[in-house]
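The residues making up each chain are set out below.
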Amino acid sequence: MQPRSAVKLLSSSSKKRQPSSAPTPVKGRKNVAFSLLPYRGPQARQGRQRQRQQQVSAGPDYGEKCILLLFIQILFLLAIVMAAVSFAIFKSGEEGRNAAKFIHNLFVTQPSFEEEEESVAKSTGNRLRSKKEQQKQGKNINDPSNYRIKTTTRTRAKKYIRTVDHHSFSIPKKKLDATNTAADTRPTINVVKREEDEDNRRPCRVIIENKVDFHHEILESIALRYPLPWEKYNCSSTKPIMFDFALFDNRFPNGMITCPEKKCPKHLNETEFVGWKRYFEGYLQNKTFDREVDGRTVRYNKLIKYAEYESSPLGPPDAVIDATCDIYQRFLVWLTHGTYDNYCVLHRECEFCEDAHYNKSCFLTPMWPKSQCTFLPSDLPRFSREDLHSTLQEDDGDDLDLLQTTVCLFGRERNHTQWANIFLQCPYEKYNVKFIIGSRVYSVKRIYARASGIPDKALSFVEHERDYVKFSKRVAQCDILLPATDPIDRPAHFPPSISGEKSKRKLTGSISQVVGYKLHSVMHHELERIYHDYFTAPVEVYGDDIQSKVDALTKMIVTVAQNKSTFT
């Protein structure tokens, strides 16, 4: 038998050898570590079973409640969607209207017919006698004569009278036919077409730009002939189209791109713009003209600055047309990515253009496929005969001779010397003919040197005439106009089939003058073939040799001189 101290020592040492998995109890808190361990005895199982029974008896748990609430919300949204769809269909016709009525009756409780009658009677101050009183008095409650207000289907019909957009829907009154039977009272649709109120829409607004001090002669034709997609703009289709003009003065003197003959004006009154401005203010502004291309009416509004594009009472422009796009290559980006709906007038072939650029551009000659936009700028200033005679009187004075035949050659880049020699070979003295040479750029000395040999009596000059009206009058009074354009001297004005690589398919301004003023003309046979469909006055043609030119000019001089003598 061991002593008690030894037993105590052994028990303590054995305890140290055993691994301890439980933490050391904390002082003051008994069995804390052991209370964290799960208890898996029979009492725990019984407790969990009781907990499940309580949950089942209490109803669905939180998750099931969320699912039920979500299902109710989906049903509510479906009901709203059905109502919205039926209301949208309601505008389109009778079937949609019936569908909307069905949805309305499905979700909304309708009052009975008797309740409806009572409400109508109360609202008018004439109350209906109750049915019990009528029954006591032995009267038929179905007899309409017992009512102070005879309410038939009118009370119900009033509920369905609607006016949606341009259609009026109504239910007619119940009627009796020849057999005294009730006629069909199903809803009928009476469609009332109303014309669009164009007066409430603003006029269309277009701005024509011209950044250079030339090409003013095509501005009127752009306004009257350039086709635009009016249907895409939110503007009136009956009111006149308002045209504003942003021209060269916006760039003078610091923003000028190019100048004729590389000689830019130092003062604004030296520019062609000033002459066209006077013409615009005196002949065009606030006046209306008809467009042949679409039958619309044009109103010339005013000259504007670039800052006035947005400040107009009509709002920003619907379209902007540049009269001289191809003067600089940046127009390619401006045309497709500009602020506004931009369009171009192209005067020659475009080397860098793609389909997107061609679709928004117009050329000035018919030397293009029919799918490409083209128009001839033949809309020029119009003058009366008296106005032209007064201008000639001012210029020529006592030397004015109305029986004299005038042969005119205008423009630069012409072979003036060759045509002066051709004129000398014609019978100009016999038929009292005067040769007029003019340019808006060249000086008198330069032209005179090219036309030397012609007697002063038979020669006249129009020198450096920048005034648009005066120059136009000079052209309009010509009897015979010489374009002086052939494939040898000016190949850029012919198609590639004639002049090859030198072709630019450009327009010569003399063609617009011949067509616009209906002048007699003498020109190369290839040039006449290009514009044959536009000419309304006699044309004589020649070939590449000098003699054919002399013969053609002589023949036209004789024809015009004889017509003048016969007319007088």
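Scroll up to find the structure.
**Observations concerning the overall build of the protein chain**
Thought 1: When helices and strands are tallied, the protein chain shows 20 helices and 17 strands.
Thought 2: When the 568 residues of the protein chain are sorted by exposure, 41% land in the buried category.
Thought 3: Taking as baseline every contact in the protein chain between residues at least 6 positions apart, the subset at least 24 positions apart corresponds to 64%.
Thought 4: With an accessible surface of roughly 34,700 Å², the protein chain has 53% of that area assigned to carbon and sulfur atoms.

**A look at the state of the cysteines**
Thought 1: The final tally for this structure, using the stated rule, is 5 disulfides.
Thought 2: The side chain of Cys204 participates in a disulfide bridge whose partner is Cys235; the two sulfur atoms lie 1.9 Å from each other. Where Cys204 bonds to Cys235 through sulfur, the torsion about that S-S bond is close to 75°, and the disulfide is right-handed. Of this pair, Cys204 sits in the loop between β3 (188-190) and β4 (205-209) while Cys235 sits in the loop between α9 (219-225) and β5 (241-246); the two residues are 31 residues apart in sequence, bridging distant segments of the chain.

**Here we look at the packing of aromatic side chains**
Thought 1: This structure, assessed with the given rule, holds 21 aromatic pairs.
Thought 2: Seen from their ring centres, Tyr283 and Phe383 are 6.2 Å apart, and the 85° between their planes marks the pair as edge-to-face. With Tyr283 in helix α10 (residues 272-284) and Phe383 in the loop between β11 (373-374) and α13 (385-396), this pair connects stretches of sequence that are 100 residues apart.
Thought 3: Taken together, a centroid distance of 6.0 Å and an interplanar angle of 50° make the contact between Tyr309 and Tyr340 tilted. You can see Tyr309 sitting in the loop between β7 (297-303) and β8 (319-322) and its partner Tyr340 sitting in the loop between α11 (331-337) and β9 (342-346), a full 31 residues away along the chain.
Thought 4: Classification of Tyr309 as buried rests on a relative accessible area of 6%.
Thought 5: Assessed through its relative accessible area of 22%, Tyr340 is described here as partly exposed.

**Quick word on the side chain of Lys564**
Thought 1: With respect to the helices and strands, the residue Lys564 is situated in helix α20 (residues 546-567).
Thought 2: Taking the relative accessible area as the measure of exposure, Lys564 reaches 18% and is therefore buried.
Thought 3: Separated by 2.8 Å, the side chains of Lys564 and Asp479 make a polar contact.
Thought 4: When sequence neighbours within four positions are dropped, the list of residues in contact with Lys564 reads Leu402, Leu403, Gln404, Thr405 and Asp479.

**Some points on the pattern of salt bridges**
Thought 1: This model, assessed by the stated rule, comprises 21 salt bridges.
Thought 2: Note that Asp467 and Arg278 form a salt bridge whose closest N and O atoms lie 2.8 Å from each other. One end of the pair, Asp467, is in the loop between β14 (459-463) and α16 (468-476); the other, Arg278, is in helix α10, and 189 residues separate them in sequence.
Thought 3: Asp467 gets classed as buried once you look at its relative accessible area, which sits at 15%.
Thought 4: Residue classification places Arg278 among the partly exposed positions, given a relative accessible area of 47%.
Thought 5: Linking Glu540 and Lys555 is a salt bridge whose minimum nitrogen-to-oxygen distance equals 3.9 Å. One end of the pair, Glu540, is in strand β17 (residues 539-542); the other, Lys555, is in helix α20, and 15 residues separate them in sequence.
Thought 6: Take Glu540: its relative accessible area is 18%, and that puts it in the buried class.

**Here we look at the pairing of strand β13 (residues 433-439)**
Thought 1: With 7 of 7 residues buried, β13 is to be regarded as a mostly interior element.
Thought 2: Of the two faces of β13, the one lined by Val433, Phe435, Ile437 and Ser439 and the one lined by Lys434, Ile436 and Gly438 are each fully buried.
Thought 3: Note on the crossover from strand β12 (residues 405-410) through helix α14 (residues 416-424) to β13: the handedness is right-handed.

**Section: the sheet that holds β8**
Thought 1: Read from one edge of the open sheet, 8 strands run β6-β7-β5-β4-β8-β9-β10-β11, paired in mixed fashion. Both edges of this open sheet fall to β6 (288-290) and β11, since each of them pairs with a single strand only.
Thought 2: Across 3 bridges, the pairing between β9 and strand β10 (residues 361-363) is parallel. Pairing of Leu346 across the sheet is with Phe363, part of β10.
Thought 3: Each of β5, β6 and β7 touches α10; the most contacted strand, β7, lies at about 130° to it.

**Re the pairing of β9**
Here is the key point about a regular strand: its side chains alternate between the two faces of the sheet.
Thought 1: Counting buried residues along β9, 5 of its 5 residues qualify, which places the element largely inside the surrounding structure.
Thought 2: Remark: the β8/α11/β9 crossover connection has right-handed handedness.

Quick notes on the rules
Residues numbered from 1 in each chain as written. Predicted model: local features only at pLDDT ≥ 70, side-chain atom pairs only at ≥ 80, totals over all residues. Heavy atoms only, no water. Helix = DSSP H or I, 4+ residues; strand = E, 2+ residues; numbered from the N terminus. Buried < 20%, exposed > 50% of the residue type's maximum accessible area, 1.4 Å probe, protein only. Contact = heavy atoms within 4.5 Å. Areas by Shrake-Rupley, 256 points an atom, 1.4 Å probe, with all protein chains shown as cover. Disulfide = S-S within 2.5 Å. Phe/Tyr/Trp six-rings, centres within 6.5 Å; stacked < 30°, edge-to-face > 60°. Polar contact = N/O pair within 3.5 Å; in protein donor to acceptor, adjacent residues only side chain to side chain. Salt bridge = Lys/Arg side-chain N within 4 Å of Asp/Glu carboxyl O. Right-handed = clockwise from strand over helix to strand, strands pointing away. Pairing = 2+ DSSP bridges. Axes fitted to C-alpha atoms, helices over the stretch in contact; angles between N-to-C directions.

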